[in-house]
Amino acid sequence: MTKYTIKQFNEQYPDNDACLDAIFQNRFGDLKACPNCGVIDAKFYRLKGRKAYSCQHCRYQIHPLAGTIFHKSETPLKSWFFAIYLFGTSKNGVSAKEIERHLGVTYKTAWRIAKQIRLLMQQGSDLLNGTIEADETYIGGVKRGQQGKFDNKTAVVGIVEKGGKSRAFATKHADATVTIPFLKSNIAQGSVIHTDESRIYSRVKRDFDHAFVNHSKFEYVKAGVTTNTIEGFWGQLKRSVDGTYHSVSPKYLQSYVNEFVYRYNLRDVAVYPHLIQQAGKRV
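Counting starts from 1 at the beginning of each chain's written sequence and moves along it residue by residue. Only residues with pLDDT of at least 70 get local features here, since the model is predicted, and only at 80 or more are side-chain atom pairs given and counted; chain-wide, interface and lining totals rely on the full set of residues. Note: side-chain values were computed over all heavy atoms of the structure, leaving out hydrogens and water.

Novice: Mind showing me how you'd approach the overall build of the chain here?
Specialist: The secondary structure listing takes helices from DSSP runs of H or I that are at least 4 residues long and strands from runs of E that are at least 2 residues long, numbered from the N terminus. Of regular secondary structure, the chain possesses 9 helices and 12 strands. Note on definitions: a residue-residue contact is assigned when non-hydrogen atoms from the two residues lie within 4.5 Å. Across the chain, the fraction of contacts at a sequence separation of at least 24, relative to all contacts at a separation of at least 6, is 58%. Computed with a 1.4 Å probe, the accessible areas rest on the Shrake-Rupley method; for each residue, only the protein chains presented here act as cover. Just so you have it, the chain exposes about 15300 Å², and 50% of that area is on carbon and sulfur atoms. Charged residues are defined narrowly, with Lys and Arg counted positive, Asp and Glu counted negative, and His plus the chain ends left uncounted. Each charge is placed at NZ for Lys, CZ for Arg, CG for Asp and CD for Glu. Between the averaged position of the 41 positive side-chain charges in the chain and that of its 25 negative side-chain charges there is a distance of 6 Å.

Novice: Is there a simple way to think about the sheet that holds strand β10 (residues 209-212) in this case?
Specialist: Whether parallel or antiparallel, the strands of a sheet pair through hydrogen bonds between backbone atoms. The strand order across the open sheet formed by 5 strands is β8-β7-β4-β9-β10, and the pairing between neighbours is mixed. Of all strands in the sheet, those bounded by a partner on one side alone are β8 (166-171) and β10. Ignoring which end each strand starts from, the neighbouring axes of this sheet average 20 degrees apart. Pairing between strands is defined by DSSP: at least two bridges between the two strands are required. Note: strand β4 (residues 131-139) against strand β7 (residues 154-161), 8 bridges, orientation antiparallel. Helix axes use the C-alpha atoms of the stretch in contact, all axes being lines fitted to C-alpha atoms, and the angles between their N-to-C directions lie in the range 0 to 180 degrees.

Novice: What is the right way to look at the packing of aromatic side chains in this model?
Specialist: Here a Phe, Tyr or Trp ring, Trp counted by its six-membered ring, pairs with any other such ring whose centre lies within 6.5 Å, and the pair is stacked when the planes are under 30 degrees apart, edge-to-face when over 60, and tilted otherwise. The tally for this structure, following the rule as stated, stands at 20 aromatic pairs. Ring centres of Phe9 and Tyr13 lie 6.0 Å apart, and the angle between their planes is 50 degrees; on these two criteria the pair is classed as tilted. Both residues of the pair, Phe9 and Tyr13, belong to the buried class. Relative to Tyr252, the ring of Trp111 has its centre 5.5 Å away and its plane inclined at 80 degrees; by these criteria the two rings are edge-to-face. One end of the pair, Trp111, is in helix α5 (residues 107-118); the other, Tyr252, is in the loop between α7 (228-245) and α8 (253-265), with 141 residues separating them in the sequence. Think of it in three bands: with a 1.4 Å probe and only protein chains considered, a residue is buried below 20% of the maximum accessible area for its type, exposed above 50%, and partly exposed in between.

Novice: Looking at this structure, I do not really get the pattern of salt bridges. What am I missing?
Specialist: For side chains bearing opposite charge, pairing can occur when the charged atoms are close. Throughout this description, the term salt bridge denotes a Lys or Arg side-chain nitrogen within 4 Å of a carboxyl oxygen of Asp or Glu. The full count for this structure, using the stated rule, is 7 salt bridges. Put simply, Glu100 and Lys97 hold a salt bridge, and the shortest N to O gap is 2.9 Å. Residue Glu100 and its partner Lys97 are located together in helix α4 (residues 96-103), separated by 3 residues, close to a single helical turn. The partly exposed category is assigned to Lys97, whose relative accessible area is 42%. Put simply, Glu259 and Arg118 hold a salt bridge, and the shortest N to O gap is 2.9 Å. Residue Glu259 is located in helix α8, and its partner Arg118 is located in helix α5; the two are separated by 141 residues in the primary sequence. By relative accessible area, which is 0% here, Glu259 ends up buried. A relative accessible area of 6% places Arg118 in the buried class.

Novice: Could you clarify how one ought to interpret the sheet that holds strand β3 (residues 61-62) in this entry?
Specialist: Read across the sheet, 3 strands follow the order β1-β2-β3 without closing on themselves; strand pairing throughout is antiparallel. The open sheet is flanked by β1 (44-46) and β3, the only strands paired with a single partner. Bridging between strand β2 (residues 53-55) and β3 involves 2 bridges; their strand directions are antiparallel. Across the sheet, residue Tyr53 finds its bridge partner in β3, namely Ile62.

From the geometry alone we can't say anything about function, so treat these as descriptive.
Quick look at the structure:
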């Protein structure tokens, strides 16, 4: 994985002005003409004391933060960028308490910043193809009784290309009625799907080549068929949730699932520059 260091961060974004310039550049690039007066190669200059730029010809103003995660936030942009840096360089996620400590903001502000950053970490829409592993897992819940069993866990269904990308979603019930449509809408025709012996996947063969391992018979790899890759993904997700966030409400679980799918899919590149590019877009 390519690293992006704190030294690089401070050199590239030394202050709030540099951060605002980066958002303007990411969002609008090199404007060939003013959107208002139409002057070719119009120059936009920064308005003093404001997070806005003005056309030198007609004084039309552009507000690069409008519609982004930074909109109407009083938190300094350098602090926002540093919080994004923490998300971009962390393997296990970043809690609101950690953001609170680093930025010196209230927990409420830190929680909102974390929530907004996760809006940038959306899953892609390209179809997965090749050999795909599919599986489901359960997260959270409330421990009840002396035996310590957890009730009300939330199901998460996921798929992973062997050596490629992943996709996952949280659902109340992981059954064939939700799993099969998910597979059909996210996997290219002609792909091969590997699963365990769960009856959830018994109808997969109607649409895809399907092979499975029988975990109840201690089969974990059979003739190249396995679900080890996606089980490794679940392990990382659960360790991160348990170790960093401790518990996640079912209401917000999908945003955390999105975060770790995003992180997994960009595991071979520096995540932070990609996040900054996303931050310059409307949400």
